Amino acid sequence: MRIFLMQRWSAVALLVFLTLHMVVVHYPPGHIDVDRVLERLDDPLWKAIDIAFLVAVLTHALSGAYMVITDVQRFNVYKRVFAWVGAFTGMLLFIYGTQTILAF
Amino acid sequence: MATNGSVPTVTIRIQRFNPDVDKKPYLQEFQVKAPPGKTILDALHEIKEEQDGSLTFRRSCRHAICGSCAMNVNGRHMLVCDAPLREHLDRKGVLTLRPLAYLPIIKDLVVDRSSFWEQYLRVKPWLIPPENIPEKEFRMSPAEVAALRDAEHCIMCGACYSSCQIIALTKQYIGPHALLKAFLRVLDPRDSAPAERLADLDRGDGVYRCHTIFNCIDACPKNLNPTEAIETLRKLVIKRQAFEAARAERQRRLDQPIEIVGETPALSGGE
Amino acid sequence: MYRSTGFIAFVLRRLTGVALVIYLLLHIWVIGGINSGAETFNDRMEFLGKPFFRLLEIGLLAAVVYHGVDGIRLLIGHYFQVTEYRRGLFYAVIVVSGILVIAGGVPILLFALEG
């Protein structure tokens, strides 16, 4: 099933992206330094990395949420509705998120 | 355990429910003697014959091959004909018996297994033989049989099904029992429709609804491994066309002496 | 309900997953402050710099680490036949997660207590 494969692939991508993100953003010198964030996001390469990160995390989060919800009998019958809502939400968040990243 | 001379007496709590009379299930206590070697099923028979004739439970063969007597013993599913009474007492020395979990109760320890059987039928649990059936016998190597990992030992007792937390959440999930049977047929060198079977499982309520909780392995009285079977099926679903092509090739030699040198599809799980 | 190690792993994975989805939505919203100008963004970041939020970050770290390490366990299970070692693998996940959370959490804690 596509959703299962999407979840697995985005998971593998996130292992890389998240490690990178935690090390680069959340650690030195101990917490988030806003100036360093602004400086880093000036670089188009970092913008691209963050957009790719956003795609991976939205895929994984929304397909995961879909699995959790459709595991319950009561919601299982509305599988298609949830799938479309998830895809639509993902698109909206992707557009908003990319716009945000580009705004830096 | 209280001792009465040399043979201890134990308390057994059994979940009772008579839909004609009771509003909801309740636990009833019985006392039975527990000599060494007495099984839980022996105790149930004794209670029914000597203490309460209305106690209702399923059983048949008494030696762990029919699968009728699977029930919930202190929270875990097992065959009670195969379970020594003394070995399954909880910390307080009590045994609690409930019917198989997550299924509608018909009476006392008997449950309605319709969903279990319906899901089983969904995987077409019979052999689809090839067109060229050999005159004498189908020849398979010991390695090909070993690749089935004893899946043919399944007695359809329902212990795995009732232990599965996904079944608890939704009966749409096909279930570990059906997937194990599908695995058996898909890897069987005599079966000629693996791609069709794998396509049927390629659904949200098929192989992808298993969340690898492993309760099925813990519950199985025959030490089978539905989770491993499901992981193998997941890999095969992705390359089902190639697998069927390899199977067709293998079936051309089904009536010939085994000269298995390299890998066959079954041996490598389709890789 | 049978509380095997597989079941506990499943429940923790779900709980951390749901928590992380909620966090993600909040995160996207907070960072979205830049769309209303640098001042809004800086105000939000300053608010989140408070010690209380820095401590919550340790919780976030724990959720991400557990979810990720358990996920690695699932990936291993997909490619190798490891059901025989399922209990050992679960304990390994707990230990590895614990080590990573402590290694990562102590600097956050120290920094939070400083400020």
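Cut-offs used in this document
- Residues numbered from 1 in each chain as written.
- Chains lettered and ligands numbered in written order.
- Predicted model: local features only at pLDDT ≥ 70, side-chain atom pairs only at ≥ 80, totals over all residues.
- Helix = DSSP H or I, 4+ residues; strand = E, 2+ residues; numbered from the N terminus.
- Rg over C-alpha atoms; globule rule 2.2 N^0.38 Å.
- Buried ≥ 20, exposed ≤ 12 C-beta atoms within 10 Å, placed from the backbone.
- Contact = placed C-beta atoms within 7 Å.
- Core = buried A, V, L, I, M, F, W, Y, C linked by C-beta atoms within 7 Å.
- Domains from an automatic or database assignment.
- Pairing = 2+ DSSP bridges.
- pLDDT = per-residue confidence, 0-100.
- Axes fitted to C-alpha atoms, helices over the stretch in contact; angles between N-to-C directions.
- Parallel < 35°, antiparallel > 145°, perpendicular 65-115°, else oblique.
- Left-handed = near helix turned anticlockwise from the far one by under 90°.
- Nonpolar A, V, L, I, M, F, W, Y, C, P; charged D, E, K, R; others polar.

Here the focus is the overall build of chain A. Helix and strand content of chain A: 5 helices and 0 strands. Start at the N end of chain A and walk to the C end: the helices and strands fall as α-α-α-α-α. Relative to a compact globule of 104 residues, whose C-alpha radius of gyration would be 13 Å, chain A shows 16 Å and is clearly more extended. With respect to the principal axes defined by its C-alpha atoms, chain A has extents near 50 × 25 × 20 Å. A total of 104 residues make up chain A; the buried ones form 20% of that total. The long-range share in chain A, meaning contacts at least 24 apart out of those at least 6 apart in sequence, stands at 71%.

Formed by 67 residues in total, the largest nonpolar core has its most connected members in V80, L179, F183 and L233 of chain B. The leading source of residues in this core is helix α6 (residues 176–187) of chain B, at 8 residues. Counting the residues that make up this core, at least three belong to each of domain 1 (2–111) and domain 2 (114–251) of chain B. The residues touching L233 of chain B, leaving out its near neighbours within four places in the chain, are L179, A182, F183, V186, L201 and V207 of chain B. If you look at the next biggest cluster of nonpolar residues, it comprises 17 residues, including A61 of chain A together with L61, V65 and V69 of chain C.

The two faces of the sheet receive side chains in turn, since in a regular strand these alternate between them. All names here are of chain B. Where strand β2 (residues 7–16) meets strand β3 (residues 26–33), 8 bridges bridge the pair, whose relative direction is antiparallel. From the neighbouring strand, V10 faces β3, where its bridge partner is V32. Bridge analysis of β2 against strand β6 (residues 94–98) gives 4 bridges, and the strand direction is parallel. Of the residues in β6, the one forming a bridge with I12 is L95.

What the domain assignment reports for chain B is domain 1 (2–111) and domain 2 (114–251). Distance from the C-alpha centre of domain 1 of chain B to the C-alpha centre of domain 2 of chain B: 32 Å.

Time to look at the interface of chain A and chain C. With 19 residues of chain A at the contact, the number on the chain C side is 20 residues. Elements supplying a minimum of two residues to the side of chain A that touches chain C: α1 (2–26), α3 (44–70) and α5 (79–102) of chain A.

Attention now goes to unusual backbone geometry. Residue and element names in this part refer to chain B. Look at N74: it is not a glycine, yet its phi comes out positive at around 50°. By the secondary structure assignment, N74 is in the loop between β4 (70–73) and β5 (76–79). Of note, the phi angle at K124 is positive, near 55°, even though the residue is not glycine. Note that K124 resides in the loop between α2 (114–122) and α3 (142–146).

The next thing to look at is the environment of P99 of chain B. Looking at the secondary structure, you find P99 of chain B in the loop between β6 and β7 (105–107). Residues contacting P99 of chain B, with those up to four places away along its chain left out, are Q15, M71, N72, I105, L109, V110 and V111 of chain B.

Next up on the list: the confidence of the model for chain B. With 93% of its residues at a pLDDT of 70 or more, chain B has an overall mean of 91. Here the complex is predicted with pTM 0.89, and the ipTM for its interfaces comes to 0.88.

Further remarks concern the pairing of β5 of chain B. Residues and elements named next belong to chain B. Relative to β5, β4 is paired through 4 bridges, and the arrangement is antiparallel. By the bridge assignment for β5, M71 is matched with M78. Following β4, the chain reverses through 2 residues before pairing antiparallel with β5; N74 in that reversal takes a positive phi of roughly 50°.

All names here are of chain B. By the element assignment, G175 lies in the loop between α5 (165–169) and α6. Residue G175 is classed as buried on the basis of its 30 C-beta neighbours within 10 Å. Note: C-alpha distance between G175 and C157 (18 residues apart in sequence) is 13 Å.

A few words now on the packing of α3 of chain A against α5 of chain A. Residue and element names in this part refer to chain A. Two elements in contact, α3 and α5, have axes separated by 10 Å at closest approach and are oriented at 160°. With respect to α5, the axis of α3 lies roughly antiparallel. When you trace α3 past α5, the crossing you get is right-handed. Residues K47, D50, I51, L54, V55, L58, L62, A65, Y66, I69 and T70 of α3 pack against K79, F82, A83, G86, T89, G90, L93, F94, G97, T98, I101 and L102 of α5.

Bringing the packing of helix α1 (residues 5–31) of chain C against helix α3 (residues 51–79) of chain C into the picture now. Residue and element names in this part refer to chain C. Axis separation between α1 and α3 bottoms out at 9 Å; the angle between their running directions is 130°. By the criterion of interaxial angle, the relationship of α1 to α3 is oblique. Judged by the twist between their axes, the crossing of α1 over α3 is left-handed. Side by side, α1 and α3 meet where A9, L12, R13, T16, G17, A19, L20 and Y23 of the first sit next to L60, A63, V64, Y66, H67 and D70 of the second. Across the contact of α1 with α3, the residue classes break down as 9 nonpolar, 3 polar and 2 charged.

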